[in-house]
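# Structure at a glance
Letter by letter, the chains look like this.
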Amino acid sequence: MEPILFLNLERENKRHASEFKEAVSRVIDSGWYILGDEKGKFEKDFAAYCGTKHCVGVGNGLDAIRLILMGYMVQGIVEEGDEVIIPANSFIATALAVSQCGLKPIFVDCDIHTYNIDPALILKKISSKTKAIIAVHLYGQVAAMDELKIIAKQFNLKLVEDAAQAHGAIYEGQKVGGLADAAAFSFYPVKNLGALGDAGSVTTNDDSLAEIVRALSNYGSDDKYIHKYRGLNSRLDEMQAAILSVRLKFLDGDNKRRIEIARYYSKNIKNTEIILPLIANDGSHVFHLYVIRSLQRDKLYRYLLDNGIYTQIHYPLSIHKQEAYSKLKNIVIPVAECLQEEVLSLPLYPSLKNEEMHRIVEILNQFS
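Parameters at a glance
Residues numbered from 1 in each chain as written. Predicted model: local features only at pLDDT ≥ 70, side-chain atom pairs only at ≥ 80, totals over all residues. Heavy atoms only, no water. Salt bridge = Lys/Arg side-chain N within 4 Å of Asp/Glu carboxyl O. Buried < 20%, exposed > 50% of the residue type's maximum accessible area, 1.4 Å probe, protein only. Core = buried A, V, L, I, M, F, W, Y, C linked by side-chain atoms within 4.5 Å. Helix = DSSP H or I, 4+ residues; strand = E, 2+ residues; numbered from the N terminus. Contact = heavy atoms within 4.5 Å. Phe/Tyr/Trp six-rings, centres within 6.5 Å; stacked < 30°, edge-to-face > 60°.

### Things to note about the pattern of salt bridges
Between side chains of opposite charge, a pair can form when the charged atoms approach closely. Within the structure shown, the criterion is met by 17 salt bridges. The shortest N-O distance in the salt bridge between E12 and R15 comes to 3.2 Å. Residue R15 is classed as partly exposed on the basis of its relative accessible area, which comes to 34%. R297 is paired through a salt bridge with D298; the nearest N and O atoms lie 2.7 Å apart. On the accessibility criterion, D298 (42% relative accessible area) is partly exposed. Via salt bridges that share partners, E12, R15 and D254 belong to a single interconnected network.

### Considering the nonpolar core
Counting 46 residues, the largest nonpolar core has V84 and I134 as the members making the most contacts within it. Take this core: its biggest share by element is seven residues, from helix α4 (residues 61-74). For V84, the contacting residues outside a window of four places in its chain are L69, V98, L103, K104, P105, I106, A132 and I134. Within the second largest apolar cluster, 40 residues are counted, among which are F46, I133, M145 and A195.

### Here we look at the packing of aromatic side chains
Scanning the entire structure with this criterion turns up twelve aromatic pairs. Measuring from centroid to centroid gives 5.4 Å for F42 and F46, while their planes differ by 15°, and the two rings are stacked. Note that F42 and F46 are positioned in helix α3 (residues 37-50) at a spacing of four residues, about one turn of the helix. Ring geometry for F46 against F185: centres 4.9 Å apart, planes inclined by 80°, an arrangement best described as edge-to-face. Here F46, found in helix α3, pairs with F185, found in strand β8 (residues 182-186); they are 139 residues apart in sequence, far enough to count as distant. Each member of the pair, F46 together with F185, is buried. A connected cluster of aromatic rings, assembled from ring pairs, spans F42, F46, Y49, F185 and F187.

Right under this line is the structure:
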């Protein structure tokens, strides 16, 4: 049998190959490759999709978070040395953005059922230096935004979405990107909305922040060769913007297919050695990843590989256990540390075939 790849990007992109080629040709023929019409069109369309006033296309998801924090520093809301609360269970980019702005990441453990930051644990971490909370919608499931908004309002904190894994997810009638003061997106190729290279964006309803972020992303300039800020070179280029405009048309349909596959897994995987993820019936989970858990995770990983099924581990080390944050290695964050030993992500993408989905379940149910 043919192996089942964790993600078959070749198959995914073949679905839209003709439109991609048309978009690329249009950009090439335009002779304009940075800060042009394609970027402007995608920003307008994605802002409308998210239900926000502004979208600023940037170079990648890490920069999107950095630029939001830098924007708050320009506004005088945050200053170097201040603290930002983030989940310990996330990709390291969330923490790197905080550290690279001269701010201090404060790690909070996650909820064992959703794997997102646990609001009940945040209060004891708030200090006079706390200025913001970053809510990561991990694996595609929206964080507990109602509770987080209450905390942010009570302590006058900025609330930022890290929506890099949750494009199109809806929470109480509102799409991610418009649930907080600002949101950061990654359009890395494997995302629900993926480019063909690095790309990202910031969405917000804050006019001032949007203007500052746009300038910061362009060397700190909103007037050529006149630089207000010490900015970055982090601009969504025309080629990636054109590709994203194509992909955006199919995002809701792709998410629907992801949810169908996830529900099939959850209904049909029946093995006491495997813990299934929480399925949100309200549409607040778009399954960038379908993450199971097992006390025999490493054995299960090898077993699936032997049967031609490729999986991945998201993430094998919590951020505070990474060498990059070695000064924090002795702190204990129990749920995140538990998850790093148990989680395993199954293949899940819109072009996954039904027969592949059935085979994955059959093999999983035979594991012991």
